[in-house]
Amino acid sequence: MRTSRGSFSQELNMAMLYQAVYRRASFLWCRLHSTYVRKMRYLFELKEDDGLCRQAQNSGTFYLFHNLFPFLQKVGSKHLAPQISASELKRILKKFKQNKQKLEDSVLIGCSDECMAYFALDLGSLEKMDIESELKGSFTELWKAFFQLDGKDASLLSLAQALLRWHDTHKYCSKTGQPTQKNLAGSKRVCHTNGIIYYPQMSPVVITLVSDGSRCLLARQASFPQGMYSALAGFCDVGETLEETVRREVAEEVGLEVKSMWYSASQHWPFPNSSLMIACHATVWPQQNEIRVNKLELEAATWFSLEEVVEALRREPRPLKQEDGRFSLWLPPKWAIAHQLIQEWVKQQSNMPA
Ligand SMILES: NC(=O)C1=CN([C@@H]2O[C@H](COP(=O)(O)OP(=O)(O)OC[C@H]3O[C@@H](n4cnc5c(N)ncnc54)[C@H](O)[C@@H]3O)[C@@H](O)[C@H]2O)C=CC1
Ligand SMILES: [Mg+2]
């Protein structure tokens, strides 16, 4: 007995020593490099090294989800996505009779400037209302959360939901049918029967703001909230270039031929699964600008003047019924790339000679 207790405490001392040395080395390493470079190097290591990632899970913070709905708290008039510390999360898991191993189901989604790792964990196996009352907040549909959060929280939750969903739907190898196993960071899954590695996937989608020189074209799908319009979007088909997708989508959805186009920016988007939104501006000939809406894809598409768009940008992003029963135009949330395209167009128009 004495020997085994002795070796246990020796092991404990070694583990503590290792952790202290590791913390000191990380600290020194962090001091020597630019914040961005050291964050990227640290995240890379966490993805490659399960042991390091396990340590990071025990000192990191967690964004919580319940069946892919993110957990939000209302603070004053604002909504925040709280980061729960590892110790608080372990307390909650214990309270709800869960093994603390559950931490290992989480996925890595980023880190702070001080290299404290952020993870996301789905607690879908627990009773939703119990966690909500314990943590004083609520699990909210992600697209609704987008209208309530600032850009940083929204993009972290977007990445988190996309990764959690991908793991949930890729539990088996599509070649052998055997279970796949996630690495600790959640950056891949491996089928140990044949060594196939699966990486999370994204679908490329182009989103295009079409202009005829003085107006811009916005469209809505029947599933959008009342009055909300956005730019035209469409998935890239296999074999297409981005330019071909832009031309095809504009032709398919509104029956117009693109005259010129240019790239603006890109954004990760978690819907319907995980998309890489590639945002472009396009122009059509002013003499050939008659819209023919493809009703299989869109409910409506309309040209809007600069004044109408500027007014909509000032409006709160929510349905607003007018006296005539119709809904006022409103636009996607500020940090959505469609919003950024619209802002850019307004700026371009405002700078054009009258
Ligand atoms: N971030 C932003 O500002 C905005 C993002 N979007 C996103 O763009 C995405 C694409 O726009 P849609 O008009 O729906 O595309 P779309 O015009 O290509 O039509 C959707 C249809 O394309 C087919 N499709 C082809 N490849 C697909 C794939 N990889 N995954 C799913 N469906 C595929 C399906 O039949 C689907 O019903 C939407 O998921 C939407 O959430 C749309 C507007 C603004
Ligand atoms: Mg579309």
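Residues numbered from 1 in each chain as written. Chains lettered and ligands numbered in written order. Predicted model: local features only at pLDDT ≥ 70, side-chain atom pairs only at ≥ 80, totals over all residues. Heavy atoms only, no water.

By the naming in an unreviewed UniProt entry, the protein chain goes by NAD(+) diphosphatase and is assigned to Alligator sinensis. Here is the UniProt Cofactor (unreviewed entry) comment for the protein chain, exactly as written: "Mg(2+)". (UniProt positions renumbered as here; feature names shortened; annotations may be inferred.)

Description of the site of ligand 1
Not every one of the 19 residues close to ligand 1 is listed here, only the nearest: Gln221, Phe235, Glu253, Trp269 and Ala338. Within the side chain of Glu297, a nitrogen or oxygen atom sits 3.1 Å from an oxygen atom of ligand 1. Contributions of two or more residues to the shell around ligand 1 are made by strand E11 (203-211), strand E13 (232-235), helix H8 (242-254), strand E14 (258-269) and helix H10 (337-351). (Near = heavy atom within 4 Å. Polar contact = N/O pair within 3.5 Å; in protein donor to acceptor, adjacent residues only side chain to side chain. Helix = DSSP H or I, 4+ residues; strand = E, 2+ residues; numbered from the N terminus.)

Some thoughts on the pattern of salt bridges
All told, the structure shown has 18 salt bridges when counted by the stated rule. The residue Glu134 makes a salt bridge to Lys95 at a minimum N-O spacing of 2.8 Å. Highlighted residues: Glu134 in helix H5 (residues 128-135) and Lys95 in helix H4 (residues 86-95), separated in sequence by 39 residues. Residue Glu134 is classed as buried on the basis of its relative accessible area of 19%. Residues participating in the shared-partner salt-bridge network are Asp237, Glu240, Arg248, Glu249 and Glu252. (Salt bridge = Lys/Arg side-chain N within 4 Å of Asp/Glu carboxyl O. Buried < 20%, exposed > 50% of the residue type's maximum accessible area, 1.4 Å probe, protein only.)

Some remarks on H5
Those residues of H5 lying buried are Ile131, Glu132, Glu134 and Leu135. For H5, the buried positions fall inside an angular range of 165° around the axis, keeping them on one side. Among the exposed residues of H5, those oriented more than 90 degrees off its buried face are Met129 and Ser133. Lining the buried residues of H5 we find strand E1 (61-66), strand E2 (69-75), strand E4 (84-85), H4 and strand E7 (138-139). (Arc of directions from axis to C-beta. Contact = heavy atoms within 4.5 Å.)

Quick word on the domain arrangement of the protein chain
Along its sequence, the protein chain is carved into domain 1 (2-169) and domain 2 (203-351). Between domain 1 and domain 2, the C-alpha centre-to-centre distance is 36 Å. Listed per partner, the contact involves 12 residues of domain 1 and 15 residues of domain 2. Together domain 1 and domain 2 conceal approximately 970 Å² of surface at their shared face, both sides included; 74% is due to carbon and sulfur atoms. (Domains from an automatic or database assignment. Buried area = accessible area lost by both parts, 1.4 Å probe.)

Describing the packing of helix H9 (residues 306-314) against H10
Where H9 meets H10, the closest approach of the two axes is 11 Å, and the angle between their N-to-C directions is 130°. Taken together, the axes of H9 and H10 lie oblique to each other. Our pair here, H9 against H10, has a crossing hand that is left-handed. Of H10, the residues touching H9 (which contributes Leu306, Val309, Val310 and Leu313) are His339, Ile342, Gln343, Trp345, Val346 and Gln349. Here the residues of the contact of H9 with H10 sort into seven nonpolar, three polar and no charged. (Axes fitted to C-alpha atoms, helices over the stretch in contact; angles between N-to-C directions. Parallel < 35°, antiparallel > 145°, perpendicular 65-115°, else oblique. Left-handed = near helix turned anticlockwise from the far one by under 90°. Nonpolar A, V, L, I, M, F, W, Y, C, P; charged D, E, K, R; others polar.)

Some remarks on the coordination of the magnesium ion (ligand 2)
At this site the magnesium ion (ligand 2) is bound by Ala233 (O) and Glu253 (OE), with donor distances of 2.1 to 2.2 Å. Of this pair, Ala233 sits in strand E13 while Glu253 sits in helix H8, placing them 20 residues apart in sequence. (Donors = N, O, S within 2.8 Å, 3.2 Å for Na, K, Ca; no water.)

Focus on the environment of Ser328
Within the secondary structure layout, Ser328 lies in the loop between H9 and H10. Here Ser328 falls in the buried class, since its relative accessible area comes to 7%. With residues near it in sequence (within four places) discarded, Ser328 still touches Gly227, Arg315, Leu320 and Gln322. A distance of 3.3 Å separates polar atoms of two side chains, one belonging to Ser328 and the other to Gln322.

Section: the environment of Val75
Locating Val75 in the fold gives a position in strand E2. Given a relative accessible area of 47%, Val75 falls into the partly exposed group. Remark: the alpha-carbon pair of Val75 and Gly137, spanning 62 residues in sequence, is separated by 9.8 Å.

A closer look at the packing of aromatic side chains
Tallied over the entire structure, the rule returns 11 aromatic pairs. Each residue in the set Phe146, Trp269, Phe271 and Trp335 is aromatic and connected to the rest through ring pairs, giving one cluster. Of note, Arg220 hangs over the ring of Tyr229, and the distance from its end group to the ring centre comes to 6.0 Å. Above the ring of Trp285, the side-chain terminus of Lys259 is found at 4.9 Å from the ring centroid. (Phe/Tyr/Trp six-rings, centres within 6.5 Å; stacked < 30°, edge-to-face > 60°. Lys NZ or Arg CZ within 6 Å of the ring centre and 35° of its normal.)

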